[in-house]
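Here is what each chain is made of, one letter per residue.
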Amino acid sequence: MIEVYLGDITRLHVDVIVNAANRHLLGGGGVDGAIYRAAGPRLLEACREIGGCPVGDVRATPAFSIPVKRIYHTVGPVWRGGNLGEPELLASCYRQCLALARREHARSIAFPAISCGVYDYPPEQAVEIAVEQVQQHLDRDCQPQRVVFCCFDEAMAELYRQQLEAYVRR
Ligand code: AR6
């Protein structure tokens, strides 16, 4: 089951929320900042111990003061025109998160629009990749059963809805 949710990812009732982090895993703005604020200072300590994460990969921490089980910190690519492996790296973020969710027996996971803020990825292209990766995962695997695309504005939510419809019609 795939859902589109409009609002703050830290308010969702799911097993896992995904953070659009940077390679240092030491916090930042956007969704990363919101997650650090909501989780409390122990999140920074946990991330410091991990020591960073390559682009396209994921690292997991507890969620501390956020009432979900886990936070998956994934690092999306910075958009530099699209010929530097950005699509493959963004797809990898979704694949790695979904594979980890499966290994950890998570039933539900919520993704923000990875790379679509500060990292400047064109939203239409990013949403196409996000929907394709999630659909492909759900076509062959039933865990996690519930995937939420969490959007911070209505325009982004509409892009997800359109892309989900387009995928179903293919
Ligand atoms: N809940 C859900 N979505 C949100 C929230 C929120 N609370 N806040 C923002 N968004 P961005 P990136 C949306 O910039 O492009 C950070 O500084 C936002 O509207 O958070 O991957 C990191 O430390 C946008 O659609 O992530 C990195 O340095 C989407 O989340 C860098 O930014 C992603 O925007 C990562 O940049």
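The model shown is predicted, which means the values in this text are computed figures rather than measured ones. (Residues numbered from 1 in each chain as written. Predicted model: local features only at pLDDT ≥ 70, side-chain atom pairs only at ≥ 80, totals over all residues. Heavy atoms only, no water.)

A word on the pairing of strand β4 (residues 70-75)
When you tally the buried positions in β4, you get five out of six residues, the bulk of the element. When strand β2 (residues 16-21) meets β4, the two strands line up parallel, connected through six bridges. Across the sheet, the residue bridging to N19 is H73, located in β4. In the sheet, strand β3 (residues 58-62) pairs with β4 via five bridges, with the strands oriented antiparallel. (Buried < 20%, exposed > 50% of the residue type's maximum accessible area, 1.4 Å probe, protein only. Helix = DSSP H or I, 4+ residues; strand = E, 2+ residues; numbered from the N terminus. Pairing = 2+ DSSP bridges.)

Observations regarding the UniProt feature "domain: Macro" (unreviewed entry) in the protein chain
The UniProt feature table records "domain: Macro" (unreviewed entry) at residues 1-168. Secondary structure across residues 1-168 comprises 42% helix and 19% strand; the distance between its end C-alpha atoms is 13 Å. (UniProt positions renumbered as here; feature names shortened; annotations may be inferred.)

Description of the pairing of strand β5 (residues 108-111)
Each regular strand shows side chains that alternate between the opposite faces of the sheet. Burial along β5 is two-sided: S108 and A110 facing one way and I109 and F111 facing the other are all buried. For β2 and β5, the ladder comprises two bridges, and the chain directions are parallel. Residue I17 lies in a different strand from β5, and its bridge partner there is A110. Here β5 pairs with strand β6 (residues 146-151) via four bridges, running parallel. Its bridge partner being in β6, S108 is matched across the sheet by R146.

Some words on the side chain of Q133
When you line up the elements, Q133 lands in helix α4 (residues 123-140). Classification of Q133 as buried rests on a relative accessible area of 10%. The residues touching Q133, leaving out its near neighbours within four places in the chain, are A91, Y94, R95 and L98. (Contact = heavy atoms within 4.5 Å.)

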